[in-house]
Structure formats: structure tokens, C-alpha cells
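# Observations on the three-dimensional arrangement
Residues per chain are reported as follows:
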Amino acid sequence: MGDLLEKVREFALHSFTKEEAQKLFSWNVRDFAVKSRENDESYIHITFENQYTLFIRYFLNLDPTETEDTCEFTLGQLTDLRSRIRYDIHYAGYIHGQGYIRLRIAETKNRMQQMMLEEFYVPALKEVYKPIILKFEGFYSRDFFGVEAAPANGEIFYAPVRYRSEHKAAGIGEVMGRLSELDLLLKEPQIRHALAENDLQLSLLPSMVWSDL
């Protein structure tokens, strides 16, 4: 992943265009988006025709000793997994060496809706993913694999890589191999059925709960 990080850093020296991305990363680009913020940060999201994605964040590091640490990237792979409620779930192993699932769901303005999601949908999601948690484990102490699912899209991703990340030493081949493995795992009928059942239960809730959607 270190080689890919060097390409990401080199990309900052060029214009942020689809053509430059295709030339530098050597994959045909399907979609390309750039967003800048006033706090000296830029975000680039690239979707390649081979279904891989690259999310890049460039930032201004005010530490004069960290001249190399000015960007990070996340490598992902598109999946056909969808969810009525957007969620982000990944492996974490920081409590007494034991792995657990870290899960975030989209926040809503409707307090009743948020309460229902936290009390019923989140535990149900964790229950589905619990048996396969170790498959989301990374190769080092703090890296991980994860899944993001939403109504319109889904993606499996590897932990963000930056200059001081220990996992920048991981091979891109082994990362891509794990992404493919997880994609196949999440296509297994029993998993898809369980996730679809969770979404179905949401649809049975009173319509007033979803009035702000």
C-alpha cells in the first residue's frame, strides 16, 4: 500500500482531473469528484471501471516535523449490498485484545426514529455481523476492513492509509484479495436473508416514524 500512497502524494502535484487520475493510477476512471473546504482540506473520490474506489484526503499539517504526512487514502470495492438505513461497520480490536464490531448509522432529526434505530436496528445488525467479525480483521494491530451500505450503493473498504500508518506495508494484492473475499462472504444467502429481514422489520414500523425521510 506504500506504493499506492506514493502515487496519491504524486497526484497532489498535478491537476485534480479524471485524465490525470487515469494516467497515474493506470485504471480506467468511471466517476471522479473533487471537493475542497476552507480549512485547507481537499477530498477526491474516484470510482474505477474495475469496481475499485479510491477516497483521498489532502490536508495541511501544521507540525513542521511532519512534512511527509499530508494525505491519506482509503481503497474500497463496490458491492451490490444495499440497506434502507446508511451504516458503516468495521472490525476493531482495542479492548483487551478482543475484536468487536464498531457500527455507525446515519443520524436523523426525528428523535423517535433515532431511538428505534438504536434500540432495534443496531443490535440486529450487530447480531448478523457477529459470526463473521474476524473476517474483517486487518493484517496489523490497528488496521481493519469494513462495509458501508446505503439505499443507493454499497462498498467494502480497507482502513485509511497515511504516512505513519503501520499498515502501509501491506501488499495491495493481499488487500484486494481480502476485499474480494469479503464481497463473496456478504453474498452468502443466509447473510443476505438476515440483512433483508432487518430492513423488512423497519418497513413494518408505523409510518409516522419515517415521516422525515
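For the structure itself, consult the block above.
Let me sum up the structure you'll find in this document. Along every chain, residues carry numbers that run from 1 in the direction the sequence is written. Per-residue local features are limited, in this predicted model, to residues with pLDDT of at least 70; the limit for side-chain atom pairs, both in listing and counting, is 80 or more; totals at the level of whole chains, interfaces and linings are taken over all residues. The side-chain values count all of the structure's non-hydrogen atoms but skip hydrogen atoms and water molecules.

### Topic: the packing of helix H1 (residues 2–11) against helix H2 (residues 18–25)
This is how it is decided: Lines fitted to C-alpha atoms define the axes, with helix axes restricted to the stretch in contact, and inter-axis angles between N-to-C directions lie between 0 and 180 degrees. Per the convention used, a helix needs a DSSP run of H or I reaching at least four residues, while a strand needs a run of E reaching at least two, with both numbered from the N terminus. When describing relative orientation, an angle under 35 degrees is termed roughly parallel and one over 145 degrees roughly antiparallel, while 65 to 115 degrees is termed roughly perpendicular and anything else oblique. The sense of a crossing depends on the near helix, which, turned anticlockwise from the far helix by less than a right angle, makes the crossing left-handed and, turned clockwise, makes it right-handed. Pairs of residues are marked as contacts when any of their non-hydrogen atoms sit within 4.5 Å. Following the grouping adopted for this structure description, the nonpolar residues are Ala, Val, Leu, Ile, Met, Phe, Trp, Tyr, Cys and Pro, the charged ones are Asp, Glu, Lys and Arg, and the polar ones are all others, Gly among them.
At a minimum axis separation of 10 Å, H1 and H2 run at an interaxial angle of 150°. Taken as axis vectors, H1 and H2 run roughly antiparallel relative to one another. Remark: the crossing between H1 and H2 carries right-handed chirality. On H2, the residues that touch Leu4, Lys7, Val8, Glu10 and Phe11 of H1 are Glu20, Ala21, Leu24 and Phe25. Each residue belonging to the contact of H1 with H2 can be placed in one class, and the counts come to 6 nonpolar, no polar and 3 charged.

### Structural notes on the packing of aromatic side chains
Defined as follows: Between 30 and 60 degrees the pair is tilted, below 30 it is stacked and above 60 it is edge-to-face, where a pair is any two Phe, Tyr or Trp rings, Trp via its six-membered ring, whose centres lie within 6.5 Å. Classification of residues uses two cut-offs on accessible area relative to the type maximum, computed with a 1.4 Å probe and protein chains only: under 20% is buried, over 50% is exposed, and between them is partly exposed.
Taken as a whole and assessed by the stated rule, the structure comprises 13 aromatic pairs. Plain terms: the ring middles of Trp27 and Tyr52 are 5.4 Å apart, the flat faces sit at 20° to each other, and that makes the pair stacked. You can see Trp27 sitting in the loop between H2 and strand S1 (29–37) and its partner Tyr52 sitting in strand S3 (residues 52–59), a full 25 residues away along the chain. Since its relative accessible area comes to 11%, Tyr52 is described here as buried. Their ring planes at 40° and their centres at 4.7 Å tell us that Phe145 and Tyr158 sit as a pair that is tilted. With Phe145 in strand S7 (residues 145–149) and Tyr158 in strand S8 (residues 154–158), this pair connects stretches of sequence that are 13 residues apart. With respect to class, Phe145 is no different from Tyr158; both count as buried. Aromatic rings pair up to connect Phe11, Phe16, Phe25, Trp27, Phe32, Phe48, Tyr52 and Tyr58 into one cluster.

### Notes on the nonpolar core
Test applied: Among the buried residues, those of types Ala, Val, Leu, Ile, Met, Phe, Trp, Tyr and Cys that are joined through side-chain atoms within 4.5 Å form a nonpolar core.
Ranked by internal contacts, the top residues of the largest apolar core, which has 55 residues, are Phe25, Ile46, Leu54, Ile56, Phe73, Tyr87 and Tyr129. The element best represented in this core is helix H3 (residues 111–129), accounting for 6 residues. Filtering out sequence-adjacent residues up to four positions away, Ile46 remains in contact with Ala21, Phe25, Val29, Asp31, Phe32, Tyr52, Thr53, Leu54 and Ile56.

### Some thoughts on the packing of H3 against helix H5 (residues 189–203)
Interhelical geometry of H3 versus H5 gives an angle of 175° and a closest axis separation of 10 Å. Between H3 and H5, the angle falls in the class roughly antiparallel. Contacts between H3 and H5 pair Leu117, Tyr121, Ala124, Leu125, Val128 and Tyr129 from the former with Ile191, Ala194, Leu195, Asn198, Asp199 and Leu202 from the latter. Classifying every residue of the contact of H3 with H5 gives 10 nonpolar, 1 polar and 1 charged.

### Thoughts on the pattern of salt bridges
Put simply, the rule reads: Here, a salt bridge means any side-chain nitrogen of Lys or Arg that lies within 4 Å of a carboxyl oxygen of Asp or Glu.
According to the stated counting rule, one finds 13 salt bridges in the structure shown. Salt-bridge contacts for Arg162 lead to Asp69; the nearest nitrogen and oxygen are separated by 2.9 Å. Here Asp69 lies in the loop between S3 and strand S4 (71–79) and Arg162 lies in strand S9 (residues 161–162), a separation of 93 residues in the sequence. For Arg162, a relative accessible area of 25% corresponds to the partly exposed category. The salt bridge partner of Arg104 is Asp88, with a shortest N-O separation of 3.0 Å. Taken as a pair, Arg104 in strand S6 (residues 98–105) and Asp88 in strand S5 (residues 87–95) lie far apart in primary sequence, 16 residues in all. Each of Glu41, Arg57, Asp69, Glu72 and Arg162 takes part in one network of salt bridges that share partners.

### Section: the environment of Lys135
For Lys135, the position within the fold is in the loop between H3 and S7. A relative accessible area of 40% means that Lys135 is categorised as partly exposed. As a C-alpha pair, Lys135 and Thr53 span 82 residues in sequence and 20 Å in three-dimensional space. Those residues in contact with Lys135 that sit more than four places away from it in its chain are Arg178, Glu181, Leu182 and Leu185.

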